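Residue-level structure breakdown
Listed here are the chains, written in short residue letters.
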Amino acid sequence: MNKGTIKQILLITDGCSNQGEDPAAVASLALQQGITVNVIGVLENDQTEQPEGLEEVEEISLSGGGVSQIVYAKALSQTVQMVTRQGMTQTLQGVVNQELQSILGSGKNMEELPPDQRGEVMEVVDELGETSDLQVLVLVDTSASMHSKLPTVQDSLYDLSLSLNARMGKNRFSIFSFPGKRKAIDKIVDWTPELNAIASVFPKLTSGGITPTGPALREAMNHFSKKKRVRSLITRDESAREESGY
Amino acid sequence: MMNQLGKSQDIELSLGTFVTGKWYKRSYRILRKLGSGACGTVYLAERQGKQYALKLSRNGSSITTEVNVLKTFQKVQGKTLGPSLVDVDDWIQPGGGALSFYVMEYLKGKELITFIKQHGNEWIGVLVMQLLTDLEQLHDTGWVFGDLKTDNLIVTYPPARLRWIDVGGTTQIGRAIKEYTEFYDRGYWGMGSRKANPSYDLFALAMVVIQLYYPHRFEKGQDPEKTLIRKLHQVKELTAYQAILKNALYGKYNSSGAMRHDIQQVALKHPTSTTNFSRSPQVKKKFSSSAPQSRQQKNAPYRRGSKVWEGIGIGVMVGLFYMIYIVIQWL
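Okay, so let's go over this structure. Quick caveat: nothing in here was measured; it's all calculated off a predicted structure.

The rules we used
Residues numbered from 1 in each chain as written. Chains lettered and ligands numbered in written order. Predicted model: local features only at pLDDT ≥ 70, side-chain atom pairs only at ≥ 80, totals over all residues. Heavy atoms only, no water. Core = buried A, V, L, I, M, F, W, Y, C linked by side-chain atoms within 4.5 Å. Buried < 20%, exposed > 50% of the residue type's maximum accessible area, 1.4 Å probe, protein only. Domains from an automatic or database assignment. Contact = heavy atoms within 4.5 Å. Buried area = accessible area lost by both parts, 1.4 Å probe. Salt bridge = Lys/Arg side-chain N within 4 Å of Asp/Glu carboxyl O. Phe/Tyr/Trp six-rings, centres within 6.5 Å; stacked < 30°, edge-to-face > 60°. Helix = DSSP H or I, 4+ residues; strand = E, 2+ residues; numbered from the N terminus. Patch = residues over 30% accessible without salt bridge, like charges linked within 9 Å, V, L, I, M, F, W, Y side chains within 5 Å. Areas by Shrake-Rupley, 256 points an atom, 1.4 Å probe, with all protein chains shown as cover. 1 Å grid on protein atoms, 1.4 Å probe; cavity = no way out; pocket = protein on both sides within 12 Å on 5 of 7 lines; lining within 4 Å. Points joined across faces, edges and corners; volume = space filled by probe spheres on them. Pairing = 2+ DSSP bridges. Axes fitted to C-alpha atoms, helices over the stretch in contact; angles between N-to-C directions.

**As for the nonpolar core**
- Among the nonpolar cores identified, the biggest contains 67 residues, and B:Trp164 and B:Leu249 are the most heavily contacted of them.
- There are two domains that each give this core at least three residues, and those are domain 1 (18-105) and domain 2 (112-269) of chain B.
- Once residues within four sequence positions are removed from consideration, B:Leu249 is found in contact with B:Met191, B:Phe203, B:Ala206, B:Met207, B:Ile210, B:Leu228, B:Ile229 and B:Leu232.
- Ranked by size, the runner-up nonpolar core spans 38 residues in total, among them A:Val96, A:Leu100, A:Leu164 and A:Phe173.

Written out as structure tokens, the structure is:
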């Protein structure tokens, strides 16, 4: 099987979008472009009830073919890496399921295999998860209410690169924040294999009042396509995943 | 397909529920909940009069992965490495939803921390050496345990044996650690990578030992490395093992065997360095009441013997006096 690049957007937010298009619609658009969208909703450490705005979190990730989780700021580090890994597995399972369908006929997927065969398929998925290349664009909500959580976000992103760089496959990360000063999003860190140098960037972030999640996602998606076009001119290592709908 | 992490992974089943496999049709009766983790819930269940641990998850892929690991263990060797796998299947719930589950041998025992409290510190060396033997075997087959922590360990007895019960984090050497718990993870403490190698497990093992004296764990603070070493130094009971634990924390041991060797040296050298600081009063009582008993028993034959001699002595004396009396009368 062709080991392609898995593309993900990781959206970290604490509330409801209030400007621009529906983020769930943009997320399904992204999925069609072969980019899955994972979402993490962050709660204050003393927040007991789930605020209404966070219902959106699940909707976006469902539309974007990814996974979502709502967590307290304290548990962010472990969640960020877990959601990313889980998202990868899910994407890969999707690819493997498609392969299975082409072999076994439509309607067949992993869950319908007996446990023994499922185990063998899962070994393939695990193998791919370990060796595939991965691109993660992290999109951080920096609206006013997120301000106190930004140091935690920063720690958890460093932790994410620690986890993913223990894999055999290559990684590329980039970080964007929204709302941007002039555009929908601002670039914080350009595509890089490690996130060691982010400590100096985060404290400088200013926070705004609006939360234009939809437009931000669209911009982020475009950043991928730019990347793809540039890279496909240089190398030909793009997978067949785009053609097959992933 | 869409596994929502956001939803609670806890699966609540009422007691007496029958979980029946879709593929192999075996039925298990739920007895009680044993625990729940990030990717599933474990129940004590019964089938044909035998008890088992049954793990259920909404996330079929994590069950499949864990089953793969358990199978690898069984292919390689006997039962010593973790609980043995009994069954794998799907359960179609009465409501219609499908859950994946697997069934393993039920290990009954005490939590490590409880065992050490009740039986004494001298067990630490013994139990850790046992675990290191198992870990060495595991590492030799190309795997790393990964999520080594107090919750995943159990002491079965008698004879006391430290065993692991959850293989969810087991990872092939050279890959990225699949599952970990921050407190036991060297990456979290800034003391190394999350690449699976034997020293990853040894770091976690050192943390397990240290945590015995910090049941509520501790925060990493501004300088995680310094915090860790300070906390280690503060435990007087661990003085003998301090250097070894430090080596493990700094990744100085390349194999479990090397660490076991060092622990063995200490355990042999300092047999009473950690005397009954926490032996439970019950055990003590039992000891003190049984000791005089045995002494009494031992003394009994001696006393009986002395009484005989006493009797003989008195008899002889009386006889002697009687003879003197007769002789005097006759004269």
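**Some words on the interface of chain B and chain A**
- Taken together, the contact pairs 31 residues of chain B with 41 residues of chain A.
- Both faces considered, chain B and chain A share a buried interface measuring about 3000 Å² in area, 48% of it formed by carbon and sulfur atoms.
- In this structure, the connection of chain B to chain A is made through four salt bridges.
- Across the pair B:Arg194 and A:Asp159 runs a salt bridge whose closest N-O atoms are separated by 2.7 Å.

**Quick word on the packing of aromatic side chains**
Residue and element names in this part refer to chain B.
- Using the criterion set out here, one finds 12 aromatic pairs over all chains in the structure.
- Residues Phe115 and Tyr157 carry aromatic rings whose centres are separated by 6.0 Å and whose planes lie at 55 degrees to one another, so their mutual orientation is tilted. On the criterion of sequence distance, the pair formed by Phe115 in helix α2 (residues 112-119) and Tyr157 in the loop between β8 (153-156) and β9 (161-164) is long-range, its members being 42 residues apart.
- Note on Phe115: relative accessible area 1%, which makes it buried.
- Both rings, one in Phe183 and one in Phe218, keep their centres 5.1 Å apart while their planes meet at 80 degrees; by these two values the pair is edge-to-face. With Phe183 in the loop between β10 (171-172) and α4 (198-211) and Phe218 in the loop between α4 and α5 (224-234), this pair connects stretches of sequence that are 35 residues apart.

**Brief notes about a nonpolar patch on the surface**
- Residues B:Met317, B:Leu320, B:Phe321, B:Ile324 and B:Ile328 make up a contiguous nonpolar surface patch of roughly 520 Å² in combined accessible area.
- Mapped onto the elements, B:Ile328 comes out in helix α8 (residues 281-330).

**Some thoughts on the pattern of salt bridges**
- Enumeration according to the criterion identifies 15 salt bridges over all chains in this entry.
- Two residues, A:Glu127 and B:Arg175, come together in a salt bridge whose shortest N-O distance is 2.5 Å. In this pair, A:Glu127 is assigned in helix α4 (residues 115-131) and B:Arg175 in the loop between β10 and α4, connecting two distinct chains.
- With a relative accessible area of 33%, A:Glu127 lands in the partly exposed category.

**Some points on the layout of surface pockets**
All names here are of chain A.
- Roughly 990 Å³ of internal volume is contained in the second largest pocket.
- Those elements that place two or more of their residues in the lining of the second largest pocket are α3 (76-104) and α5 (150-164).
- A per-element tally of the lining of the second largest pocket places α5 first, with six residues.

**Notes on the pairing of strand β4 (residues 50-57) of chain B**
Residue and element names in this part refer to chain B.
- For β4, a buried count of six out of eight residues is recorded, marking the element as mostly surrounded by other parts of the structure.
- In terms of strand pairing, strand β3 (residues 40-47) meets β4 through seven bridges, oriented antiparallel. Note on β4: the bridge partner recorded for Arg47 is Lys50.
- Counting the residues that bridge the hairpin from β3 to β4 gives two residues, and of these Gln48 lies at a positive phi of roughly 50 degrees.
- Pairing geometry for β4 and strand β6 (residues 98-105), over six bridges, is antiparallel. Residue Leu54 lies in a different strand from β6, and its bridge partner there is Val103.

**A few points about the sheet that holds strand β1 (residues 5-13) of chain A**
Residues and elements named next belong to chain A.
- Taking strand neighbours across the sheet as the criterion, the six strands line up as β3-β2-β1-β4-β5-β6 in an open arrangement whose pairing is mixed. The two strands at the open ends of the sheet, each matched to only one other strand, are β3 (65-72) and β6 (186-192). Direction aside, neighbouring strands of the sheet carry axes that sit 15 degrees apart on average.
- By the bridge criterion, four bridges tie strand β5 (residues 171-178) to β6 in an arrangement that is antiparallel. The partner of Ser177 across the bridge, within β6, is Asp186.
- On the sheet, helix α2 (residues 55-63) packs against β1, β2 (35-43) and β3 and is oriented at approximately 160 degrees with respect to β3.
- Taken strand by strand, α3 contacts β1, β2, β3 and β4 (133-141), and its axis lies near 165 degrees from that of β3.

None of the figures reported here should be taken as evidence of function without further support.
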